[in-house]
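Residue-level listing of the chains:
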Amino acid sequence: MFVKLLNHTPDPERTVAAAARLCYSPVGAADLFTGLSDKEVARLLAHLVESGHESPTEHVTFTFAIEGVSRALTHQLVRHRIASYSQQSQRYVREESFDYITPPSVAADPALKERFTATMAAVQSAYNELLKSVPPEDARYVLPNACETKIVATFNARSLYNFFKLRCCRRAQWEIRALACAMREEVRRVAPRLFALAGPSCETEGVCHEGRFSCGRAPLASHSGKGQGVE
Ligand SMILES: Cc1cc2nc3c(=O)[nH]c(=O)nc-3n(C[C@H](O)[C@H](O)[C@H](O)COP(=O)(O)OP(=O)(O)OC[C@H]3O[C@@H](n4cnc5c(N)ncnc54)[C@H](O)[C@@H]3O)c2cc1C
């Protein structure tokens, strides 16, 4: 898996702090942006994060290059609607020698791994055979969820909070969890205070909302009767 923060709003923490401060200030955002001391930026961000007043965090965006992941993962990723995506197309890019992702559970068992690898080879052969007669957009129907893909994703910070809460959680599948944790590392490099408390509720609130699906890392929140589906 390859994850890189390609771009982001310049000075994201100051931008969010200025937007938050504007709500209570007679001074305009442009003056606030340049006038806020670093200490004040830190104080405003801490207040936002603690109080859950998240709308000012929508003003900053982060764009990621994501490669070496499965189509199973990107199907889960694009369910996060408050984001923008551009994905390598299987209509236009021919998969004549496609790479694929092998789940660690399969890789750990030599017999299963052999079966898996043989299946991928058979799929490749069928795809190449189909390509002789039909366009790539139709040949791709035989391709597996394991197929490697590349995607660019842009999230604002508020949507990233939601993404990290759901996908850095141990209930998320291993591949998207690895992606979410890598994306969190990337944004923490450029906006450590903004994302200090981004993650699953066991890390941010000390309680778990996953009910019977809880991994047991933190005590259950009192209202957590049921978690999300099983995906
Ligand atoms: C562990 C796990 C298991 C899952 N299992 C399943 C499964 O079995 N089947 C399945 O189909 N999905 C499953 N999902 C996907 C899940 O249901 C969500 O679709 C996905 O996590 C995106 O979350 P989201 O809607 O909060 O994100 P976004 O789409 O980015 O939305 C962010 C927030 O914006 C608001 N919002 C967005 N759109 C609307 C809207 N139309 N109306 C009102 N509010 C809106 C909501 O507050 C939402 O939380 C699973 C997810 C996880 C983490």
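Attention in this report is confined to the structure presented alongside it. As the structure is a computational prediction, the values presented were derived from the model and not from experiment.

This brings us to the packing of aromatic side chains. Across all of its chains, the model carries 8 aromatic pairs by this definition. Judged by centre distance (5.4 Å) and plane angle (80 degrees), the rings of Phe 62 and Phe 195 are edge-to-face. Placement of Phe 62 in strand β2 (residues 61-70) and of Phe 195 in the loop between α9 (174-190) and α10 (201-204) is noted, with a sequence separation of 133 residues between them. Of the two residues, Phe 62 and Phe 195, both sit in the buried class. An angle of 75 degrees between the planes, with centres 6.1 Å apart, marks the rings of Phe 164 and Phe 195 as edge-to-face. Remark: Phe 195 occurs in the loop between α9 and α10 and Phe 164 occurs in helix α8 (residues 157-167); sequence separation between them is 31 residues. We note that Phe 164, like Phe 195, is buried. Through successive ring pairs, a cluster of aromatic residues spans Phe 62, Tyr 85, Phe 155, Tyr 161, Phe 163, Phe 164 and Phe 195. Its end group placed over the ring of Phe 213, Arg 171 keeps NZ or CZ at 4.1 Å from the ring centre.

The subject of this paragraph is the sheet that holds β2. Here we have 4 strands laid out as an open sheet, ordered β1-β2-β4-β3, and antiparallel in their pairing. Every other strand in the sheet has two partners, leaving β1 (2-8) and β3 (83-87) as the edge strands with one partner each. Between one strand axis and the next, the sheet turns by 20 degrees as a mean value, whatever way the strands run. With 5 bridges joining them, β3 and strand β4 (residues 148-156) adopt antiparallel strand pairing. Counterpart to Ser 86 in the pairing with β4 is Val 152.

Before going further, it helps to examine the pattern of salt bridges. Under the definition given, this model contains 14 salt bridges. In this structure, the salt-bridge partner of Glu 186 is Arg 189, at a minimum N-O distance of 3.1 Å. With Glu 186 and Arg 189 both in helix α9, this residue pair falls 3 residues apart, about one helical turn. Judged by relative accessible area, Arg 189 falls into the exposed class, the value being 58%. Overlapping salt bridges, with partners in common, bring together Glu 13, Asp 38 and Arg 193 in one network.

Reading the values: rules and limits
- Residues numbered from 1 in each chain as written.
- Predicted model: local features only at pLDDT ≥ 70, side-chain atom pairs only at ≥ 80, totals over all residues.
- Heavy atoms only, no water.
- Phe/Tyr/Trp six-rings, centres within 6.5 Å; stacked < 30°, edge-to-face > 60°.
- Helix = DSSP H or I, 4+ residues; strand = E, 2+ residues; numbered from the N terminus.
- Buried < 20%, exposed > 50% of the residue type's maximum accessible area, 1.4 Å probe, protein only.
- Lys NZ or Arg CZ within 6 Å of the ring centre and 35° of its normal.
- Pairing = 2+ DSSP bridges.
- Axes fitted to C-alpha atoms, helices over the stretch in contact; angles between N-to-C directions.
- Salt bridge = Lys/Arg side-chain N within 4 Å of Asp/Glu carboxyl O.

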